[in-house]
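What follows is the residue order along each chain.
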Protein chains: 2
Amino acid sequence: MAEASVKPVPLLKDELDIVIPTIRNLDFLEMWRPFFQSYHLIIVQDGDPSKTIKVPEGFDYELYNRNDINRILGPKASCISFKDSACRCFGYMVSKKKYIYTIDDDCFVAKDPSGKDINALEQHIKNLLSPSTPFFFNTLYDPYREGADFVRGYPFSLREGASTAVSHGLWLNIPDYDAPTQLVKPRERNTRYVDAVLTVPKGTLFPMCGMNLAFNRELIGPAMYFGLMGDGQPIGRYDDMWAGWCVKVICDHLGLGVKTGLPYIWHSKASNPFVNLKKEYKGIYWQEEIIPFFQSATLPRECTSVQQCYIELSKQVKEKLSKIDPYFDKLADAMVTWIEAWDELNNSSEAVSSKQPNGNATAK
Amino acid sequence: MAEASVKPVPLLKDELDIVIPTIRNLDFLEMWRPFFQSYHLIIVQDGDPSKTIKVPEGFDYELYNRNDINRILGPKASCISFKDSACRCFGYMVSKKKYIYTIDDDCFVAKDPSGKDINALEQHIKNLLSPSTPFFFNTLYDPYREGADFVRGYPFSLREGASTAVSHGLWLNIPDYDAPTQLVKPRERNTRYVDAVLTVPKGTLFPMCGMNLAFNRELIGPAMYFGLMGDGQPIGRYDDMWAGWCVKVICDHLGLGVKTGLPYIWHSKASNPFVNLKKEYKGIYWQEEIIPFFQSATLPRECTSVQQCYIELSKQVKEKLSKIDPYFDKLADAMVTWIEAWDELNNSSEAVSSKQPNGNATAK
């Protein structure tokens, strides 16, 4: 049933970075050791840079705090959020790998219905390495999975599928609810293990959660910007949503696929709903205008790279969303800064040397 | 987990008909007795009308053979297929109930992972009675199900959902594959129980299988035409697909929802792939043009009833698909005839009396 077993050879070991935003010691990695230890970690330390984050022995990692971000990006560091897990996208930018997996530090290894530990990363990699089916719905879910296929009536011309850019994993135990739902259903736990991976169809938006998320950095990296959230911003907890809307519009334009479903992680702790409400409440009414904007957004045919698409989207954000709040004007500018910073770090060989592999970048 | 248990009070007992197309004795009903016996059955006998179909004792049914169809519809009977399970749609037309469940006679009661018999009909009814979410994707699947809800980032304005018109159930054991896939994977069995119901998003087509299907006849009935298949036609096994494409385009236009997923039935026997290939092969290449046609089909705002939508669609079929094959010209005409027959049987009180409840209509 579930494809969750510890494999002797970790897949894509040298082609994937695990990005973890955090403000605390990373004891949660102990539980992930059998699955993560062969991979390189990029830790983005949020909050007070003078604090020392302890990483369990034996993990290969680089760590960036706010001072590092400021030093590496200079004035462009303004596009990276502070005091919000949105800061994680800095990790996407400094990675030089083809694939990224990002996970929150309150997420633990879940068990499948047979009681076996789920190797979330392995399932994400399977999702990313097999095609998506955004152009027609397959009723038996992922047709590339063992024991499944395309059903009768699925056009043969579409059976090659599309390249998969994003693999969105889910959560057992604490579901990813907004503050109002948390308040109304404080005891609701997700206990339903749905043994499926499916493609979010072309033209359909979805709420992308950053808690358990993998993507192909080469295909979609520059669109994985988590926006301006947290310190000094009027909004929080919409970082991954913002990225998800932008990513989906661009994937649809470029013919790339987005999958959701397996793997599950065990989300251990509900965040404070009162604090969340304060962070979210503007987003809750803004999204009523933002989502129709993204639903109707179209990109010109000339936009053939993610960067071009993203810059074009930033212009449309400025033009059409600034009327909601001046914040969107600032966000549109930050989107441009993000792309400039991305290109700076990713197109020059010099940028690479600013990273300090396998050690705490603050310890100098 | 799965909501499959024998309930003492059958839901919607007087508001739902079970439509079964068949050419043989209905022994398969024995297994369904605990779930179906309280409901009224409409049996559409295909093939030789002189043959007697045995129905197990204790079921409340009406049965129509080809002679009955010809007598009731007169010249309009030409729109009902012969020697193809497409004939089942005659049952939709003569029903006077709000809901229809249709099932093939080689489908048996499946078991959920806990080993409990699945009450497929009960799950379909739950699907039909709760809203759909066609306008935005919910990553935890059906948000109206117990233990689930809308996730963070789901617009609140869309949480009322849309009325559900169709509930498309799935199959354990023999999957619904086309002939080429059957030939290539003769031993593939579907053993994966995916514990989910989800809405097929607006703008996305899906391959609708008629084996295990329920719908709200008041909302979408006149679009559930299974086309011209089988005897005298160049094509077979595309009856449900045709209905699915038409239904989905019309549901999208009218703001109605289509769900797929649970419940599963146990599909016992693979049909002959060589026979299937002969029936399907034209459909396999025709669908490469038909599906883009339906993907881009739009209906004018003035079409506010299913009938209006369907007539408009028939015009577009005639205009745009006749170039593939003269068959589509005939099919477009049959679509109009179907609507005329539907309206005749459903708008006059006289039509009702032509049915012979609770007995074999041929036995006179």
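Scroll up a little and you will see the structure.
Notes on the structure in this doc start here. (Residues numbered from 1 in each chain as written. Chains lettered and ligands numbered in written order. Predicted model: local features only at pLDDT ≥ 70, side-chain atom pairs only at ≥ 80, totals over all residues. Heavy atoms only, no water.)

### Quick look at the overall build of chain A
As a reminder of what qualifies: Numbering of helices and strands starts at the N terminus; helices are DSSP runs of H or I of at least 4 residues and strands are runs of E of at least 2. Exposure categories follow from relative accessible area, calculated using a 1.4 Å probe and restricted to protein chains: below 20% of the type maximum is buried, above 50% is exposed, and the middle band is partly exposed. Accessible surface area values rest on a Shrake-Rupley calculation with a 1.4 Å probe, where residue burial reflects the displayed protein chains alone.
Within chain A, the regular secondary structure consists of 11 helices and 10 strands. In terms of principal-axis extent, the alpha carbons of chain A reach across some 55 × 50 × 50 Å. Burial statistics for chain A: of 364 residues in total, 62% are counted as buried. Entry remark: accessible area of chain A is about 13,400 Å², with carbon and sulfur atoms responsible for 53%.

### Things to note about the interface of chain A and chain B
Let me state the cut-off plainly: Residue contacts are defined here by distance: any two heavy atoms, one from each residue, within 4.5 Å place the two residues in contact. Defined here as a combined quantity, buried area equals the accessible surface (1.4 Å probe) lost by two parts on assembly, summed across both. Think of a salt bridge as a Lys or Arg side-chain nitrogen and an Asp or Glu carboxyl oxygen that are within 4 Å of each other. All residues other than Ala, Val, Leu, Ile, Met, Phe, Trp, Tyr, Cys, Pro, Asp, Glu, Lys and Arg, Gly among them, are scored as polar; the first ten of these are nonpolar and the last four charged.
The interface of chain A with chain B comprises 63 residues on the first partner and 63 residues on the second. For the pair chain A and chain B, the summed buried surface comes to about 5,200 Å²; carbon and sulfur atoms form 57% of the total. In terms of surface lost to chain B, no three residues of chain A exceed A:Phe137, A:Arg152 and A:Arg192, which account for 17% of the buried area on that side. For the pair chain A and chain B, the number of links is 10 salt bridges. Note that A:Lys185 is salt-bridged to B:Asp149, the shortest N-O span being 2.6 Å. Among the elements that line the side of chain A that touches chain B, the one with the most residues is helix 8 (residues 273-296) of chain A, at six residues. Its residues placed into classes, the side of chain A that touches chain B shows 32 nonpolar, 13 polar and 18 charged.

### Side note on the packing of helix 7 (residues 239-254) of chain B against helix 8 (residues 273-296) of chain B
All names here are of chain B. Worth spelling out the cut-off: Whenever a helix is involved, its axis is fitted only over the stretch in contact; in every case the axis is a line through C-alpha atoms, and angles between N-to-C directions fall within 0 to 180 degrees. An angle below 35 degrees is treated as roughly parallel, one above 145 as roughly antiparallel, one from 65 to 115 as roughly perpendicular, and anything else as oblique. In this scheme the handedness of a crossing depends on how the near helix is turned from the far one: anticlockwise by less than a right angle means left-handed, clockwise means right-handed.
One can describe the packing of helix 7 onto helix 8 by two numbers: an axis separation of 10 Å at closest approach and a directional angle of 15°. On the basis of the axis angle, helix 7 is roughly parallel to helix 8. Judged by the twist between their axes, the crossing of helix 7 over helix 8 is right-handed. Note on element contacts: helix 8 touches helix 7 through Gln-287, Ile-290, Ile-291 and Phe-294, opposite Trp-242, Trp-245, Cys-246 and Val-249. Tallied by class, residues from the contact of helix 7 with helix 8 come to seven nonpolar, one polar and no charged.

### Some points on the pairing of strand 8 (residues 212-216) of chain A
On a regular strand, one side chain projects to one face of the sheet and the next to the other, so that they alternate. All names here are of chain A. This is how the line gets drawn: Paired strands, in this sense, are two strands between which DSSP finds at least two bridges.
For strand 8, the tally of buried residues reaches five of five residues, placing the bulk of the element in the interior. The alternating pattern of strand 8 places Asn-212, Ala-214 and Asn-216 on one face and Leu-213 and Phe-215 on the opposite face, and all of these are buried. Inspection of the sheet shows strand 4 (residues 99-103) paired to strand 8 by five bridges, in the antiparallel sense. Paired with Tyr-101 across the two strands is Ala-214, which belongs to strand 8. The pairing of strand 6 (residues 164-173) with strand 8 spans three bridges and is antiparallel. Of the residues in strand 8, the one forming a bridge with Ser-167 is Ala-214.

### A short note on the pattern of salt bridges
Residue and element names in this part refer to chain B. Scanning the entire structure with this criterion turns up 42 salt bridges over all chains. Between Arg-71 and Asp-68 there is a salt bridge, and its shortest N-O distance comes to 3.2 Å. Note that Arg-71 and Asp-68 are positioned in helix 2 (residues 66-73) at a spacing of three residues, about one turn of the helix. Take Asp-68: its relative accessible area is 0%, and that puts it in the buried class. When the shortest N-O distance is used, the salt bridge between Lys-76 and Glu-344 registers 2.8 Å. Taken together, the positions of Lys-76 in the loop between helix 2 and helix 3 (89-94) and Glu-344 in helix 10 (residues 327-347) put the pair 268 residues apart, joining distant regions of the chain.

### Section: helix 9 (residues 306-321) of chain B
Where we set the bar: Multiply 1.5 Å by the residue count of a helix minus one, and that product is the helix's expected span.
The end-to-end C-alpha distance of helix 9 of chain B, which contains 16 residues, comes to 21 Å, matching closely the 22 Å that a straight helix rising 1.5 Å per residue would cover. Taken together, the buried positions of helix 9 of chain B are occupied by B:Val306, B:Cys309, B:Tyr310, B:Glu312, B:Leu313, B:Ser314, B:Gln316, B:Val317 and B:Leu321.

### Notes on the nonpolar core
The criterion, for reference: We call a set of buried residues a nonpolar core when its members are Ala, Val, Leu, Ile, Met, Phe, Trp, Tyr or Cys and they connect through side-chain atoms within 4.5 Å of each other.
Among the nonpolar cores identified, the biggest contains 248 residues, and A:Trp242, B:Ile220 and B:Trp242 are the most heavily contacted of them. In this structure B:Trp242 touches B:Tyr225, B:Gly227, B:Ile290, B:Phe294, B:Tyr310, B:Val317, B:Leu321, B:Phe328, B:Leu331 and B:Met335, once residues within four positions along its chain are discounted.

### So, the relation of the copies chain A and chain B
What relates the two chain copies is a rotation about an axis together with a slide along it. Basically, it comes down to this: Our superposition of the copies is a least-squares fit, built on the C-alpha atoms of residues whose pLDDT is at least 70 in both.
Turning chain A through 180° and shifting it by 0.0 Å along the axis lays it on chain B, with an RMSD of 0.0 Å. Here the symmetry operator amounts to a two-fold rotation axis. Minimal C-alpha separation from the rotation axis in chain A is found for A:Val194, amounting to 2.8 Å. Interface overlap between copies is the fraction of interface residues in one copy that are interface residues in the other; for chain A against chain B it reaches 100%, indicating a shared surface.

Structural measurements only, silent on function.
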